[in-house]
Amino acid sequence: MIQTALIQGAHDDLVTDACYDMYGLCLATCGLDQRIKIWTLDEASGDWGLDDDWKAHDAAPTKLAWAHPAFGAILASASLDRTVKIWEQVLADAAEPGAPAGAPHWVERAVLLEARGSVRAVEFAPHHFGLKLAAVSADNHLRVYECLEQPARAAWELADEVDVPALPARAARGPASLAGTLAASTPTRAGGGGGGGAGLDGASVAGLLQAAAAAQQPAAGRPGLGAREADGGWCVSWCRERYWGEVLAVGCGVGGVVKIIQFSAPRRAQTLLSLEPAPAAPSAAAPAMAGRGGGAGAGRMPGGYSAAAGGSGSGSGSGGEAAYAVTSVAWAPSCGRSFHLVATGSHDGHVRVWKVRPPPLAPAGGDDDERDGGVGSDEQWSAGLVAEFDDHKSSVGRVEWNVTGTVLSSSGNDGRVRLWKQTVGGVWRTAGHISVEQAAEQRPQPPARDVEMDESADAAAD
């Protein structure tokens, strides 16, 4: 991999997100300086020029998302100030006074204020669902907004709101919460195991308090394991296919679970599947799964990972250990495949690729429940972990697919962007990487000129 361009001093502070438009000719960036900048590519020279720059929020923006170009040049921004803002590029005569005549200019169209926590992720729906936007905030709620006035872009309605951890599940797998995990492993008073009035003794209560306090502390190894907001992850990605309706992959909080959620008119939101990484250590409940892991850098089917239909979303595996929060999720374009690929990145430094299989297609004129794979159908969604990588050795910040869903890219706190690709044999392997050091080495340097000693002496004398 080679570096093709470098934007020096793009922001006055840390850059928090960068997002290309559909054609890759416009780049939107945001940073801790609370500003959004739009860069356009000069295809002749390959240079990126600043097209617009403005203060967008009262706190740092966290995420940017472009709408489909069928709706125009529309950008959404999420921020720590608990707002989501919708921006549109218009000509100067329809924008603020004083702008150059005929020049494009970005204006604020709407401010969405429903979040009760910092908004961490936003993404527009595929264009065949209309102008809709999904937002995930630190209050663990998924909110889907819909634009009611297409030409004006000013009226946005909160179409759906879901408390993701509390979303009912059809089939729970593993303990439902931290309290359930602790209660199952904590002894009670003698003779109280079968009675309805059984209680916990002093030692049991002390054990519960110690375990809860330990859960609030970050892990001794890699950072990111704990119950603080800084240890959490919030991410969302839409399924690109139209047939299954509005389906999203959502990660919230510190649980380490990604829920596949479907929105449908009669039943509203339901969990189709939960992608839940369980501890890799062998357990008595699943002895056959132990010892199946492969080496780092090669695709594998590690033991101890589950994909429960309508899983509990607890983030606790069969061994009772907490999982690291998921920081990024990306749903790959299907491009005619009979299954879907969903990639996740976590605080534990792991990049995982899940193969998600929808139920068989229902015959024409079949029941809506059968087509959606919902509670009324015999077939349900299923998934399995097909690849896992630990090459970053630090928290993964972003995972993204290419336009065909065949190459996965990931970036981490190790300062590297890595590419992953599936081989003919079905094994996922690294396809290259680029680091900050390599990028610095590849920057063009001015040609060096040899200076003779006599010339330097004459110059000093002058």
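Note that the structure is a prediction, hence the values are computed from the model and not measured.

What counts and how
Residues numbered from 1 in each chain as written. Predicted model: local features only at pLDDT ≥ 70, side-chain atom pairs only at ≥ 80, totals over all residues. Heavy atoms only, no water. Helix = DSSP H or I, 4+ residues; strand = E, 2+ residues; numbered from the N terminus. Buried < 20%, exposed > 50% of the residue type's maximum accessible area, 1.4 Å probe, protein only. Contact = heavy atoms within 4.5 Å. Areas by Shrake-Rupley, 256 points an atom, 1.4 Å probe, with all protein chains shown as cover. Phe/Tyr/Trp six-rings, centres within 6.5 Å; stacked < 30°, edge-to-face > 60°. pLDDT = per-residue confidence, 0-100. Core = buried A, V, L, I, M, F, W, Y, C linked by side-chain atoms within 4.5 Å. Pairing = 2+ DSSP bridges. Axes fitted to C-alpha atoms, helices over the stretch in contact; angles between N-to-C directions. Polar contact = N/O pair within 3.5 Å; in protein donor to acceptor, adjacent residues only side chain to side chain. Patch = residues over 30% accessible without salt bridge, like charges linked within 9 Å, V, L, I, M, F, W, Y side chains within 5 Å. Salt bridge = Lys/Arg side-chain N within 4 Å of Asp/Glu carboxyl O.

**A few points about the overall build of the protein**
Okay, step 1: A tally of regular secondary structure across the protein gives five helices and 25 strands.
Okay, step 2: Here the protein, with 462 residues, has 44% of them falling under the buried criterion.
Okay, step 3: Intrachain contacts of the protein at a sequence separation of at least 6 include 53% that bridge at least 24 residues.
Okay, step 4: Accessible area of the protein: about 22,200 Å², with a carbon and sulfur share of 53%.

**Digging into the packing of aromatic side chains**
Okay, step 1: If you walk through the whole model with that rule in mind, you get nine aromatic pairs.
Okay, step 2: Relative to Trp87, the ring of Trp54 lies with its centre 5.3 Å away and its plane at 55°, an arrangement referred to as tilted. Of this pair, Trp54 sits in strand E4 (residues 47–55) while Trp87 sits in strand E7 (residues 84–91), placing them 33 residues apart in sequence. In this pair, the class of Trp54 matches that of Trp87, namely buried.
Okay, step 3: Ring geometry for Phe129 against Trp238: centres 6.4 Å apart, planes inclined by 35°, an arrangement best described as tilted. Placement of the pair is Phe129 in the loop between strand E9 (119–124) and strand E10 (132–137) and Trp238 in strand E13 (residues 235–238), with a sequence separation of 109 residues.

**Quick notes on the confidence of the model for the protein**
Okay, step 1: The share of residues in the protein with pLDDT of 70 or more is 65%, and the mean pLDDT across the chain is 76.
Okay, step 2: Low confidence marks residues 280–305, where pLDDT is under 50. Its contacts with residues over four positions away, or in another chain, come to 44 contacts.
Okay, step 3: Of the regions scoring below 50 in pLDDT, residues 311–320 engages in 41 contacts with residues more than four places distant in sequence or in other chains.

**Examining the nonpolar core**
When a protein is soluble and globular, its nonpolar side chains tend to lie buried together.
Okay, step 1: Of all hydrophobic cores here, the largest spans 20 residues; its most connected members are Val122, Phe124, Leu131, Leu133 and Trp156.
Okay, step 2: Mapped by element, the contributors of at least two residues to this core are strand E6 (74–79), E7, strand E8 (104–112), E9, E10 and strand E11 (141–147).
Okay, step 3: If we skip the residues at most four places from it in the chain, Leu133 touches Ala76, Val84, Ile86, Leu112, Val122, Glu123, Phe124, Arg143, Val144, Tyr145 and Trp156.
Okay, step 4: In this structure, Ala121, Phe129, Leu167 and Val250 belong to the second largest nonpolar core, which totals 19 residues.

**A few points about the sheet that holds strand E2 (residues 26–31)**
Okay, step 1: Pairing is antiparallel in the open sheet, where four strands are placed in the order E1-E2-E3-E4. The open sheet is flanked by strand E1 (15–20) and E4, the only strands paired with a single partner. Strand after strand, the sheet turns through a mean of 20° between neighbouring axes, direction not considered.
Okay, step 2: Two strands pair when backbone bridges link them, and E2 and strand E3 (residues 35–42) are joined in this way by five bridges, in the antiparallel orientation. Residue pairing across strands places Cys30 opposite Ile36, the latter belonging to E3.

**Thoughts on the pairing of E13**
Two faces belong to every sheet, and in a regular strand the side chains alternate between them.
Okay, step 1: Side chains Cys235 and Ser237 of E13 all project onto a buried face; the interleaved residues Val236 and Trp238 project onto the opposite face, where all are buried too.
Okay, step 2: Two strands pair when backbone bridges link them, and E13 and strand E14 (residues 246–251) are joined in this way by four bridges, in the antiparallel orientation. Bridge pairing in E14 links Val236 to Val250.

**Here's the deal with the sheet that holds E8**
Okay, step 1: Strand order in the open sheet formed by four strands is E5-E6-E7-E8, and the pairing between neighbours is antiparallel. Looking at which strands have only one partner, the edges of the open sheet turn out to be strand E5 (61–66) and E8. Sheet twist, expressed as the average angle between the axes of neighbouring strands with direction ignored, equals 25°.
Okay, step 2: Bridge count between E6 and E7: five bridges; the pairing is antiparallel. Within E7, the residue paired with Ala76 across the bridge is Ile86.

**Notes on the side chain of Thr83**
Okay, step 1: Its place among the elements puts Thr83 in the loop between E6 and E7.
Okay, step 2: Within polar-contact distance, the side chain of Thr83 engages the side chain of His57 at 3.2 Å.
Okay, step 3: With sequence-adjacent residues up to four places away left out, Thr83 is seen in contact with His57, Ser77, Ala78, Val111, Leu112, Leu113 and Val119.

**A closer look at a nonpolar patch on the surface**
Okay, step 1: A contiguous nonpolar surface patch, about 340 Å² in accessible area, is contributed by Met22, Tyr23 and Leu25.
Okay, step 2: Mapped onto the secondary structure, Met22 falls in the loop between E1 and E2.

**Quick notes on unusual backbone geometry**
Working note: non-glycine residues mostly have negative phi, and peptide bonds are mostly trans.
Okay, step 1: Its identity as a non-glycine residue notwithstanding, Cys335 has a phi of 50°, on the positive side.
Okay, step 2: Mapping Cys335 onto the fold places it in the loop between strand E18 (326–331) and strand E19 (340–346).
Okay, step 3: Of note in the backbone geometry, Lys393 takes a positive phi value of approximately 60° without being a glycine.

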